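Structural overview
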Amino acid sequence: MSRHVIRPFEEADLPAAASLLAQRHKEHRKRHPLLPADYEDDQLALVEVTAVWESESASGAVLTEGGAVTGYLLAAPKPSPVWGPNIWVESAGHAVSEPEHIRDLYAAAATKWVDDGRIAHYVLVPDDAELIDAWFRLGFGSQHAHAIRPAPSAPVSPPSDLVVRRAVRDDIAVLAELDLALPQHQGLSPVFSAGEIPSLEEALADWNESIDDQDYATFVAEYNGQVIGSSIGCSLEKSSSHSGLARPDNAGFLGFAAVLPSARGRGAGRALGEAVLQWSADTGYTSVVTDWRVTNLLSSRAWPKLGFQQTFHRLHRLIGY
């Protein structure tokens, strides 16, 4: 390993960090050309890195070799208590010339994070095998997947015993029930998500207010005349989880899909996903994005079978346990 120096990140490091990020994104787009091309440009990459640097309580480190910055790491906390005492490295928060150097950068930057009591660490990493391996050897594991696929070019029919249609106001009661079904499933083994589960009353109130919102396309699947599942499609711009380098141009979003536990195994989840894919194509989107917990055995198998390819891995490490 070449001789290098690691020091705290400074504002003057932003242009060099942006250049590294633009190069990383260029390599990433060779595998996933549907990702936005804009951030191959140093100046647009600079906007993303600057946003991370200017986040409240942001901190990090840079690695220099021969006076030149060849790696950086930046992170900031999120206020939501669902993430614990956290620190987040977002998609624009790290880039290195040598994947192994991310371990040195983390060793330097994480000292402050843990001293500040931030022991739940999250990082969004492109699907670069060497870079992911370096993060794994820091004690991180895979938690969440971000994925993309082209919009379909030909329609697909649901199984003959299912009817998939747009939701109507008469479906509100079962839509509210399905709103609870997904987080309830995620709270079980092996996901064990700590996400909050709304009450049925809250879900009913939300659907009564939003069922007619034209920005969202809600589909239901029927079996023997009974609604057993639902899915929702919208513009990817509606999702705060997919931004910057992870937000393709002109993309639809498969934002939700759930099937009642008693009805799983009939192909309804796949049919509902295909309905959102077709809606995205009909709307004029060129690609479709979704995400899932990798420990959710159902979604982690269903969505890759629909052609979604993972672009970013959200990794997680809990310090001290």
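These numbers come from a predicted model, not from an experiment.

As for a negative patch on the surface
A contiguous patch of negative charge on the surface is contributed by D38, D41, D42 and D249. Secondary-structure assignment places D249 in the loop between β10 (226–235) and β11 (251–259). For D249, a relative accessible area of 46% translates into the label partly exposed.

Overview of the packing of helix α3 (residues 101–115) against helix α4 (residues 129–136)
How two helices pack is summed up by the angle between their axes together with the distance between the axes. One can describe the packing of α3 onto α4 by two numbers: an axis separation of 8 Å at closest approach and a directional angle of 35°. The two elements α3 and α4 cross, and the hand of that crossing is right-handed. For the pair formed by α3 and α4, the contact residues are I102, R103 and Y106 on the first element and L131, A134 and W135 on the second. Grouping the constituent residues of the contact of α3 with α4 by class yields 5 nonpolar, no polar and 1 charged.

With respect to the pattern of salt bridges
Per the counting criterion, the structure on display carries 15 salt bridges. The shortest N-O distance in the salt bridge between R103 and E100 comes to 2.7 Å. Taking the relative accessible area as the measure of exposure, E100 reaches 27% and is therefore partly exposed. Among the ionic pairs, R137 bridges to E100, the shortest N-O distance being 2.8 Å. Of the two residues, R137 sits in the loop between α4 and β7 (141–150) while E100 sits in the loop between β5 (94–96) and α3, which places them 37 residues apart along the sequence.

Looking at the packing of helix α1 (residues 14–31) against helix α2 (residues 42–53)
Their axes nearest at 8 Å, the elements α1 and α2 cross at an angle of 115°. α1 and α2 meet at a crossing whose hand is right-handed. Taking contact as the criterion, the partners of L14, P15, A17, A18, S19, L21 and A22 in α1 are, on α2, D42, A45, L46, E48, V49, T50 and W53.

Things to note about empty space enclosed by the protein
One pass over the structure, following the stated rule, counts 1 cavity of 30 Å³ or more. There is about 50 Å³ of room inside the largest cavity. Lining the largest cavity we find L35, H146, A147, I148, H242, A246, P248, V289, T311 and F312. Of all the secondary structure elements, the ones that give two or more residues to the lining of the largest cavity are β7 and β13 (309–318). A total of 3 residues in the lining of the largest cavity trace back to one element, the largest contributor, which is β7.

A word on the side chain of H25
Along the polypeptide, H25 turns up in helix α1. What makes H25 buried here is its relative accessible area of 0%. Setting aside residues up to four positions removed in sequence, H25 forms contacts with L35, P36, Y39, E40 and L245.

Notes on unusual backbone geometry
Where the residue is not glycine, phi is negative for most of them; where a peptide bond is considered, it is trans in most cases. Across the junction of S189 and P190, the peptide omega takes the value 5°, indicating a cis bond. Topologically, P190 is positioned in the loop between α5 (172–186) and α6 (200–210). Its identity as a non-glycine residue notwithstanding, S57 has a phi of 65°, on the positive side. Tracing the backbone shows S57 in the loop between α2 and β2 (59–65). Given the relative accessible area of 46%, S57 is considered partly exposed. A positive phi angle, close to 55°, is found at N224, a residue other than glycine. Within the secondary structure, N224 sits in the loop between β9 (216–223) and β10.

The rules behind each value
- Residues numbered from 1 in each chain as written.
- Predicted model: local features only at pLDDT ≥ 70, side-chain atom pairs only at ≥ 80, totals over all residues.
- Heavy atoms only, no water.
- Patch = residues over 30% accessible without salt bridge, like charges linked within 9 Å, V, L, I, M, F, W, Y side chains within 5 Å.
- Areas by Shrake-Rupley, 256 points an atom, 1.4 Å probe, with all protein chains shown as cover.
- Salt bridge = Lys/Arg side-chain N within 4 Å of Asp/Glu carboxyl O.
- Lys, Arg positive; Asp, Glu negative; His and termini not counted.
- Charge placed at Lys NZ, Arg CZ, Asp CG, Glu CD.
- Helix = DSSP H or I, 4+ residues; strand = E, 2+ residues; numbered from the N terminus.
- Buried < 20%, exposed > 50% of the residue type's maximum accessible area, 1.4 Å probe, protein only.
- Axes fitted to C-alpha atoms, helices over the stretch in contact; angles between N-to-C directions.
- Left-handed = near helix turned anticlockwise from the far one by under 90°.
- Contact = heavy atoms within 4.5 Å.
- Nonpolar A, V, L, I, M, F, W, Y, C, P; charged D, E, K, R; others polar.
- 1 Å grid on protein atoms, 1.4 Å probe; cavity = no way out; pocket = protein on both sides within 12 Å on 5 of 7 lines; lining within 4 Å.
- Points joined across faces, edges and corners; volume = space filled by probe spheres on them.

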